[in-house]
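Coordinate inspection notes
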Amino acid sequence: MIQIPQKIEKSMKKLLLPLIFLICVDCLMGQSVHSINNLVEVKGTARDFPLFKKGIVANILVDPGDDKTVLLVAGLFSDDVNRVTGFRPTFRNSLNEVSKNIVIAGSIQKNRFIKELIASHKIDVTEVNNKWESCLIQVVDKPFKGIDKALVIAGSDRRGTAYGLLEISKQMGVSPWYYFADVPVKRHRELMIKPGMYIMNSPSVKYRGIFINDEIWGIRPWSEKTLAQKDSTGLGPTTYRKIFELLLRLKANYLWPAMQQDTRPFNSFIENKIVADSFAIVMGSSHIEPMLRNNMRGAEWDSAYPGEPFNYVTNREHIYKYWEERVKENGKYENIYTLGKRGQDDEPGKEVTVPVLEQVISDQRNILRKWVNNDVTKVPQILIPYTEVLNLYNKGLKVPDDVTICWPDDNFGNIRQLPDKKEQQRSGGSGIYYHFQWLNGATTAYPWLYTTSLGLTWSEMKKAYDYNARKLWIVNVGDIKPYEIGIEFFMQMAWNVSDFSKSDPRGFLIDWATRDFGAKYAPRIADIMEEHYNLAYARRPEHMVMFAKGVKSWEWFSIQNYNDEAQRRVDEYGKLMKEVDEVYESLPVDKKDAFYEMVLYDVKCTALQNIKDIYAQKSHTYGEQKRSCADTYALLAKQADRQIHEVIDHYNKELLTVGSKWNYMASLPGPWGAQWHQWDMPPLSDFSGSGPATLNLATEGGNAKELPGFSEYNRDKRFIDLYNSGTGKIKWQSTVSDNWIILSSKAGNFDHEKRIWVTINWDKVPKGRNIKGFIKITGPGNEFAVDVSVFNPQSPIRSKVNGHIESNGYVSIEAEHYTKKIDKNGARWSVINGLGRNGKSVTVLPSTVPCNANTADILEKSPVLEYKIYFFSTDSVTSTFYCTPSFPINSNYGSRIGVAFDDDPPKIITNQKGNRDVIANLMTMTAKDLIKVEGQHTLKIWMVDPGIVIDKLVINTGGVKDSYLGPPESYFKNGKTIR
């Protein structure tokens, strides 16, 4: 034996003992901590845990004394394994007669088997113990005598355990939407869980939920007439079981229940609150339902005190008793209590002033102190400063520090106000009440389809999180369907906001579509949804017809400017419908219904509503112009309307695999005040010609004698519409003055209309700034001459342009196409993907930086965007900045930017009253400048306030035409980018 000197031996021990300890710990604990996102394999190794292999499924070991939610969700997990494999795991509550491989699921505090594993150092729950909704998932070798392996799901609490189990279900192939959107379950012959330790960390936002609202035409009739007829009017326990399960699968934990007029109140079903508690769903109520009471007309207040005023000044005793009775009944369950008071039916409380509201809150807290917890600061409470209550709050309303302030948006996805530094320190924290739909009894409502941009949701909710609104997020989702994509995006962001540090809606869509439809289809589905959100951001389908003060409006998009802006929109929607139909046809049968419900229904109905209204606009306008095609467009509008109803009928009654499962869910929201006018058909013309065939002509721009100019840089195309004002066939022919004028058609025959596209052969046209030519067109009854004007200067050469260049009297710039940006003081201009009328916009991040409101600070500290622009005009110009209709972050901020050309100092501009339009998703700011010399200039935009989102810039040098979207982007070249 070799003798080691004592001194060396001691040194070796010092080095080796820590290493030996680490090796032992690693062996004891299994593996290092791994990502929770990659647990399940369908083909594994001997080291993996065999949940299902060779026809054998592992038993599930539970403790009967564990929380009822854990036992319930273990049952859901068993159902999921059966769905995936065809084999149902057997439940065991002791170690007798268990399989060699077992699943052990339970909460750390209540499951005796998990406690034994902790005591024997087989698992270490340090990372999750006493955490909120956290979970350890670990494969343990030889956990107990006679057992080879155990898959341990140890939750820090009942929801932590539930989320751990259902995370495995999702990774096995059971989508959260397997029931609510009929996503097919993926079948597997093996289910293996990778070895190691997996930690599901606590969520970013403590309470995450949905508000079922305005359910009159969707989930309520579906529940009453299809799913649960025995529950009569309203949503009863049968329906809520499905909803609560969905929430758990989405890692949500909070619900404001359905409460619309004539919906039977949630608590009138005795079982509802019990079922909610069995699923560990925290119950709350909306801003008009303090203390869990439904105050709609005909609901709980009118039943308890018929005919009495809901007025706290004159009827305090009965209202206090009314609230107290509910808290006494429900106080033993997990609730978040909404404080404050408004009127009935979502109206302001006429008697509610700052002193009155402070008394209300004090009384409500006394009730909670008496029936829930003597230490009222431990009772979750929120105040929602919605509409008039926000005004009272800003006037000085005193809110107890432990109460969560749940800041609302403007009903259109733009958060009204976020906490300042002092408010961020409140012990109660802050939350957000957000909208994916809204009902108000007017045509400004949008309760039909899901069209809220994912980029907008990301922008607003990330800003909210950065301003410490992290206690509670809740979103108004109408009937749940068809808001599936938005709900999941919202919940994933609330669960782990670090996964959403950057704006990447496409990445989310790819992941979602891959999971639910397969990687083969995911890119095309993501393309469809991105385009759907971009087009709808400009105008929602519900807002294509508006009605106010007895006047109906429907003409939004220009049919004569910018290549027929309206028809371009129709064509874009036509391409989108074609794409969605092609994907639907290509999908396997078992995936078609899910695609129909989550994608096709939204996309096609939105498209058809646009087509219907734009073609009605054309019918009406063309009828006034005596175009014989007017009645053809009327027929196309009617056809689109019929197709909308066909899409709805298929959803309700003709789905391929589930038939009429969703009957009564899909519909056009019915009469509610003036809102019903949204579905009106705009006035149509039945004019189909009068008298003999007669050729007439209309041009782009509206001047029949000349076309708008052609620029060498934009390489424009323009249209001439030939139309028949009589009946019969038109035979026409044309000539051009010069061979550089190109017509898409030179002669021919038509019955009603013919659109000719005019372009320029840039290789043949002479150089010059005002090259003239003309087109002659002849046909029955008329001869027309249309002038052509070409701008083709010697310089600058198109290929050598740096930045954007003026053409046709304007420069139009998509904000993300800057030439240069300069970051300063940790602030940077950043592109937001998925937000804006063309899918991108720019804002300053992080949104928490301070404002810079004087010239010296702006120049020294503010990040700046630079746009190189070549101007031919030398005169006064007006720059219009198209922004999203966001609000100032709080009272410490405004809605301002600094702008200047070249080396001029920045001048601060802001939006003026009347320049904010949430229906058009547009807020504009303008600046006037003088361009003194022709040539290259630089427009600079500095941050003054964070929170401004810029979508587009239009600089009018005298040629901007009326339109909805503004001029298409001017030609530009930035490095390798040319457009």
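Residues numbered from 1 in each chain as written. Predicted model: local features only at pLDDT ≥ 70, side-chain atom pairs only at ≥ 80, totals over all residues. Heavy atoms only, no water.

Remarks on the overall build of the protein
Of the regular secondary structure elements, the protein holds 20 helices and 45 strands. Compactness check: the protein gives a C-alpha radius of gyration of 32 Å against a globular reference of 30 Å for 979 residues, within 12% of the reference. In terms of principal-axis extent, the alpha carbons of the protein reach across some 105 × 90 × 60 Å. Sorting the 979 residues of the protein into buried and exposed places 60% on the buried side. For the protein, the share of sequence-separated contacts (at least 6 apart) that also reach a separation of at least 24 residues comes to 75%. Of the accessible surface of the protein, which amounts to about 38000 Å², a share of 50% is contributed by carbon and sulfur atoms. The average position of the 124 basic charges and that of the 115 acidic charges among the side chains of the protein differ by 4 Å. (Helix = DSSP H or I, 4+ residues; strand = E, 2+ residues; numbered from the N terminus. Rg over C-alpha atoms; globule rule 2.2 N^0.38 Å. Buried < 20%, exposed > 50% of the residue type's maximum accessible area, 1.4 Å probe, protein only. Contact = heavy atoms within 4.5 Å. Areas by Shrake-Rupley, 256 points an atom, 1.4 Å probe, with all protein chains shown as cover. Lys, Arg positive; Asp, Glu negative; His and termini not counted. Charge placed at Lys NZ, Arg CZ, Asp CG, Glu CD.)

Brief notes about the pairing of strand β42 (residues 935–943)
In terms of burial, β42 is largely enclosed, as eight of its nine residues are buried. Here eight bridges tie strand β36 (residues 864–871) to β42, and the two strands are oriented antiparallel to one another. The partner of K868 across the bridge, within β42, is T938. As judged from the five bridges shared by strand β38 (residues 896–901) and β42, these two strands associate in the antiparallel manner. Within the sheet, the bridge partner assigned to V899 lies in β42 and is I941. (Pairing = 2+ DSSP bridges.)

Considerations on the domain arrangement of the protein
Domain annotation of the protein identifies domain 1 (28–200), domain 2 (207–503), domain 3 (537–679), domain 4 (695–792) and domain 5 (798–973). On a C-alpha basis, the centres of domain 2 and domain 5 stand 38 Å from each other. Between domain 2 and domain 5, the contact holds 20 residues from the first and 20 residues from the second. Summed over both partners, the interface of domain 2 with domain 5 buries about 1600 Å², with 57% contributed by carbon and sulfur atoms. Run the count over domain 2 and domain 5 and you get one salt bridge. In this structure, R916 and D410 form a salt bridge, with 2.9 Å as the shortest nitrogen-oxygen distance. Put simply, domain 2 and domain 5 have nine residue pairs in polar contact (both at pLDDT 80 or more) between them. Taken together, the residues of the side of domain 2 that touches domain 5 sort by class into seven nonpolar, seven polar and six charged. (Domains from an automatic or database assignment. Buried area = accessible area lost by both parts, 1.4 Å probe. Salt bridge = Lys/Arg side-chain N within 4 Å of Asp/Glu carboxyl O. Polar contact = N/O pair within 3.5 Å; in protein donor to acceptor, adjacent residues only side chain to side chain. Nonpolar A, V, L, I, M, F, W, Y, C, P; charged D, E, K, R; others polar.)

With respect to the sheet that holds strand β28 (residues 753–760)
Here four strands make up an open sheet; going across it, the order is β22-β24-β28-β26 and the pairing antiparallel. Every interior strand has two partners, whereas the edge strands, β22 (695–699) and β26 (741–743), have only one. Each strand axis lies, on average, 25° off the axis of its neighbour in the sheet, ignoring direction. (Axes fitted to C-alpha atoms, helices over the stretch in contact; angles between N-to-C directions.)

Brief notes about the packing of aromatic side chains
Each aromatic ring pair is summarised here by two numbers: the centre-to-centre distance and the angle between the ring planes. Counted under the stated rule, the structure contains 51 aromatic pairs. On the basis of an interplanar angle of 35° and a centroid distance of 5.1 Å, the ring pair of F52 and F87 is categorised as tilted. Of this pair, F52 sits in strand β3 (residues 49–53) while F87 sits in the loop between α2 (68–85) and β6 (91–92), and the two are 35 residues apart along the sequence. A relative accessible area of 39% means that F87 is categorised as partly exposed. Ring geometry for F310 against Y322: centres 6.4 Å apart, planes inclined by 85°, an arrangement best described as edge-to-face. Taken together, the positions of F310 in the loop between α8 (300–304) and α9 (316–330) and Y322 in helix α9 put the pair 12 residues apart, joining distant regions of the chain. For the pair F310 and Y322, a shared accessibility class is recorded, and that class is buried. (Phe/Tyr/Trp six-rings, centres within 6.5 Å; stacked < 30°, edge-to-face > 60°.)

Re the nonpolar core
In globular proteins that are soluble, nonpolar side chains generally tend to be buried together. Formed by 197 residues in total, the largest nonpolar core has its most connected members in F244, I480 and F595. Ranked by residues supplied to this core, first place goes to helix α18 (residues 589–624) with 16 residues. Non-local contacts of I480, meaning those with residues more than four positions away in its chain, are made with W177, F180, I210, I212, I219, I243, L246 and I487. Within the second largest apolar cluster, 30 residues are counted, among which are L865, Y867, V877 and M923. (Core = buried A, V, L, I, M, F, W, Y, C linked by side-chain atoms within 4.5 Å.)

A closer look at the packing of α2 against helix α6 (residues 237–249)
A pair of packed helices can be characterised by two numbers: the angle between their axes and the separation between those axes. With their axes 12 Å apart at the nearest point, α2 and α6 run at an angle of 80° to one another. By the angle class used here, α2 and α6 are roughly perpendicular. Touching V73, L76, D80 and R83 of α2 are E245, L248 and R249, all from α6. Within the contact of α2 with α6, the residues separate by chemical class into three nonpolar, no polar and four charged. (Parallel < 35°, antiparallel > 145°, perpendicular 65-115°, else oblique.)

Topic: the sheet that holds strand β18 (residues 430–435)
A sheet is described by the order of its strands in space; here eight strands give the open sequence β14-β13-β12-β19-β18-β17-β16-β15, paired in parallel fashion. For this open sheet the edge positions go to β14 (282–283) and β15 (337–339), each flanked by a neighbour on one side alone. Bridging between β18 and strand β19 (residues 472–478) involves five bridges; their strand directions are parallel. From the neighbouring strand, H435 faces β19, where its bridge partner is N476. Set on the sheet, α6 makes contact with β12 (207–212), β13 (254–256) and β14; between it and β13 the angle comes to about 140°.

Observations regarding the layout of surface pockets
Considering only enclosed or pocket space, the second largest pocket measures out at about 1100 Å³ in volume. Lining the second largest pocket are 37 residues, with N37, E167, K170, Q492 and D499 sitting closest to its centre. Every element with two or more residues in the lining of the second largest pocket is listed here: β1 (33–34), α4 (158–172), β11 (197–200), α14 (484–495) and α15 (505–517). Among the elements that take part in the lining of the second largest pocket, α15 stands out by supplying six residues, more than any other. When grouped by side-chain class, the residues that make up the lining of the second largest pocket number 13 nonpolar, 13 polar and 11 charged. Looking at which domains feed residues into the lining of the second largest pocket, each of domain 1 (28–200) and domain 2 (207–503) supplies at least three. (1 Å grid on protein atoms, 1.4 Å probe; cavity = no way out; pocket = protein on both sides within 12 Å on 5 of 7 lines; lining within 4 Å. Points joined across faces, edges and corners; volume = space filled by probe spheres on them.)

Regarding the UniProt feature "domain: Gylcosyl hydrolase 115 C-terminal" (unreviewed entry) in the protein
Within this structure's numbering, the places UniProt gives as "domain: Gylcosyl hydrolase 115 C-terminal" (unreviewed entry) are residues 803–969. Between the first and last C-alpha atoms of residues 803–969 the distance is 12 Å; the span itself is 4% helix and 46% strand. (UniProt positions renumbered as here; feature names shortened; annotations may be inferred.)

Looking at the pattern of salt bridges
Summed over the entire model, instances satisfying the criterion amount to 60 salt bridges. With a closest N to O distance of 2.8 Å, D277 and K68 form a salt bridge. Here K68 lies in helix α2 and D277 lies in helix α7 (residues 270–278), a separation of 209 residues in the sequence. Classification of D277 as buried rests on a relative accessible area of 12%. Using a relative accessible area of 43% as the deciding quantity, one classes K68 as partly exposed. E133 serves as the salt-bridge partner of R159, at 2.5 Å between the closest nitrogen and oxygen. Of the two residues, R159 is situated in helix α4 and E133 in the loop between α3 (112–119) and β8 (135–141); the sequence distance between them amounts to 26 residues. Like R159, the residue E133 is buried in the burial classification.

Comments concerning unusual backbone geometry
Cis geometry is found at the peptide bond from S795 to P796, where omega equals 0°. With respect to the helices, strands and loops of the structure, P796 is situated in the loop between β30 (782–792) and β31 (803–805). Look at the link from L845 to P846: it is a cis peptide, with omega at -5°. Of note, P846 is situated in the loop between β35 (840–845) and α20 (855–861). A positive phi is found at D564, a non-glycine position, where the angle reads about 65°. Along the chain, D564 turns up in the loop between β21 (551–553) and α17 (565–586). If you check the backbone angles, Y664 has positive phi at about 85° while not being a glycine.

Structural notes on the environment of S688
Along the polypeptide, S688 turns up in the loop between α19 (630–653) and β22. The partly exposed category is assigned to S688, whose relative accessible area is 32%. For the pair S688 and G623, spaced 65 residues apart in sequence, the C-alpha to C-alpha distance is 8.3 Å. Residue contacts for S688: discarding those within four places in its chain leaves S628, D631, G726, T727 and H752.

A closer look at α6
For α6, spanning 13 residues, the distance from its first C-alpha to its last is 18 Å, which sits close to the expected 18 Å at 1.5 Å a residue. Of all 13 residues in α6, 10 are buried, a share of seventy percent or more. When we look at burial in α6, the residues that qualify are P237, T239, Y240, I243, F244, E245, L246, L247, L248 and R249. Just past α6, the residue K251 takes up positive phi, approximately 60°. (Expected span 1.5 Å × (residues − 1).)

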